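The lines below spell out each chain.
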Amino acid sequence: MAGHDVADIDSLGDLRGKRVLVRSDLNVPLDTAPDGGARITDDGRVRASVPTIRRLAEAGARVVVMAHLGRPKGEPDPAYSLRPVAARLGELLGSDVAFATDTVGESATETVAGLDDGQVAVLENVRFNPGETSKEDEIRGAFASELAKLGDAFVSDGFGVVHRKQASVYDIALHLPSAMGGLVAAEVDVLRRLTHDPERPYVVVLGGSKVSDKLGVIDNLMGQADRLLIGGGMVFTFLKAQGHEVGSSLLEDDQVDTCRDYLARADETGVEIVLPTDVVVDTAFPSGDREPQPRVVAADAIPADSLGLDIGPESGAAFADAVRAARTVFWNGPMGVFETPAFADGTRAVAQALTEVDGLSVVGGGDSAAAVRTLGFDEAAFGHISTGGGASLEYLEGTELPGIAVLSR
Ligand code: ADP
Ligand code: MG
C-alpha cells in the first residue's frame, strides 16, 4: 500500500518565496458563545495541523491553508465560516494569519498576493464551492485548477480527508508538485506498523455505532489480528448471529449472516473473536427526561423490553486483560454509550488498559478520541491517537486512500 514511496516536504526543494498550498483538517466542533459568535469546543485538529504549517513558514514559504468545516451545501454559509478557526490557528502559531473570505475569488487572489515569505493565509471553507465534493471529475478538476493558481506546490496534511476524492485533497495534486505533510506521514507510519508484521499478540477492539461501516474491517483483520474484541453497538448483531435475542438493542438485521460467517471463519483462520459475556441494559435509550436504570444481564439473556448500552463488568475486565496482554492494540469505537456516565464503564476499562500496554497502542475514530478526553485520560498515555477515523479504518480495510495514492504517481 502507498505510504513510504510518497514524496515528503524535503522533496519540494527550497521553499523560500514559494506559495505552498496546504490541505489541513481543521474540521473542529463549534458551538455558540454567549456573545453569539462561534466557539471552538475542541481544537485538537487545529493543534495537530500546526507543526506542518509552522515548518513551511519557517522555511520561508508563503503558506496558503485550504480546509473545510462541516457540511455546507456547496455555497457560502456563515454558520460554517472558517474565520474563527483561522483566528485560533493564529493564536497557536503566535503570528497573524490572513483570511480570505472566498476560496478562488478576488479575496483569495489578493490575500495570497499580499503574503510575504513566512506568512500564513487561510482560505474560506473549500466546501462553499460545489466543485470540492462533486462526483464529476470535470467539475472537481475545474475547481482544483483554480485553486492550483494560488500555489507553486501542494502539501497534503489533512489525514481526516485523505480517503476522500475531493478537489483540495486529490485533484489539486494533479496540477502541482506535491508532497505529504508531517501529520499524514506520521499517521501512515503508525498504520503501516499495524499492517506490516505487528508485534504479537495483536489485539483489535471494535465498538461504536457505525456497525455496517466497520464490519468490512473485520474481514481484513481476520487474517492479521490474533484477537478481535467486539463491544459497542456491534455486539448485538453478533449475538443475534449466535441465536440469541437482543431486545431492542442496536441491530443490523441484514448483517446477521455476515457476522455468522465471521464467527465460522474465525475458527478456521485462527483469530479469536471475543464477545461480551455480560451486558448493561436499560429499558430506554438515555435521554434528559429520565434517570438511567442500568442493569447487568448475561449476554445471552437480554430481556425483550430492554436494550444493551454497554458491555458488562465481567466483560470489561476480560477485555482489559486481553488488551494488557497485547504488544500491539488498535481500538476503534466506544464500548457503550459513554456520553452517559451510567454506560461509560466498559469504555473506561478498555481505555485504561490501552494506557498500560507494553507496546504500540492506537486509538482511531472521532468518538473514541473524544471518549478518551471526556473520561479524563491523558492523551500522552496512548501510543497514538489518530485524527482520522474513517481514513484509518479504510487503510486497515486494505482500501487505497486516493489522497495518498495520488501523491505517489
Ligand atoms: P468512532 O467515531 O470512534 O468511530 P462511532 O461513530 O462508530 O465511533 O460510534 C460512537 C457512538 O457509538 C457513541 O456516540 C456511542 O454512544 C455509540 N454506542 C456505543 N455503544 C452503543 C450501543 N450499545 N448502542 C447504541 N449506541 C452505542
Ligand atoms: Mg463517530
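For the structure, see preceding data.
Now for a description of the structure that goes with this document.

The rules behind these values
- Residues numbered from 1 in each chain as written.
- Chains lettered and ligands numbered in written order.
- Predicted model: local features only at pLDDT ≥ 70, side-chain atom pairs only at ≥ 80, totals over all residues.
- Heavy atoms only, no water.
- Core = buried A, V, L, I, M, F, W, Y, C linked by side-chain atoms within 4.5 Å.
- Buried < 20%, exposed > 50% of the residue type's maximum accessible area, 1.4 Å probe, protein only.
- Contact = heavy atoms within 4.5 Å.
- Near = heavy atom within 4 Å.
- Polar contact = N/O pair within 3.5 Å; in protein donor to acceptor, adjacent residues only side chain to side chain.
- Areas by Shrake-Rupley, 256 points an atom, 1.4 Å probe, with all protein chains shown as cover.
- Helix = DSSP H or I, 4+ residues; strand = E, 2+ residues; numbered from the N terminus.
- Nonpolar A, V, L, I, M, F, W, Y, C, P; charged D, E, K, R; others polar.
- Pairing = 2+ DSSP bridges.
- Axes fitted to C-alpha atoms, helices over the stretch in contact; angles between N-to-C directions.

### Overview of the nonpolar core
For step 1, the next point in the chain: Judged by nonpolar contacts, the single largest core of 73 residues is most densely connected at Ile218, Ile230, Phe238 and Ile273.
For step 2, the next point in the chain: Excluding anything up to four places from it in sequence, Ile273 contacts Met222, Leu228, Ile230, Tyr262, Leu263 and Ala266.
For step 3, the next point in the chain: Counting residues in hydrophobic clusters, the runner-up holds 29 residues, among them Val20, Leu56, Ala61 and Val120.

### Here's the deal with the site of ligand 1
For step 1, the next point in the chain: Neighbouring ligand 1 are 20 residues; Ser209, Lys214, Glu339, Asp367 and Ser368 lie closest to it.
For step 2, the next point in the chain: Measuring from an oxygen atom of ligand 1, one finds a side-chain N or O atom of Lys214 at 2.7 Å.
For step 3, the next point in the chain: Gly308 places a polar main-chain atom, nitrogen or oxygen, 3.1 Å from a nitrogen atom of ligand 1.
For step 4, the next point in the chain: In the complex, the protein chains occlude 90% of the 580 Å² of accessible area that ligand 1 would expose alone.
For step 5, the next point in the chain: Contributions of two or more residues to the shell around ligand 1 are made by strand S14 (307-311) and helix H11 (366-374).
For step 6, the next point in the chain: For the shell around ligand 1, the per-class residue count stands at five nonpolar, eleven polar and four charged.

### Side note on the sheet that holds strand S17 (residues 384-385)
For step 1, the next point in the chain: If you walk across this open sheet you meet the six strands as S11-S10-S9-S15-S16-S17, and the pairing is parallel. Strand pairing shows two members of the sheet lacking a second neighbour, strand S11 (272-274) and S17, which therefore form its edges.
For step 2, the next point in the chain: Note that strand S10 (residues 227-230) and S11 share three bridges and pair parallel. Paired with Leu228 across the bridge in S11 is Ile273.
For step 3, the next point in the chain: Those strands touched by H11 are strand S15 (328-332), strand S16 (360-364) and S17, and its axis lies near 110° from that of S16.

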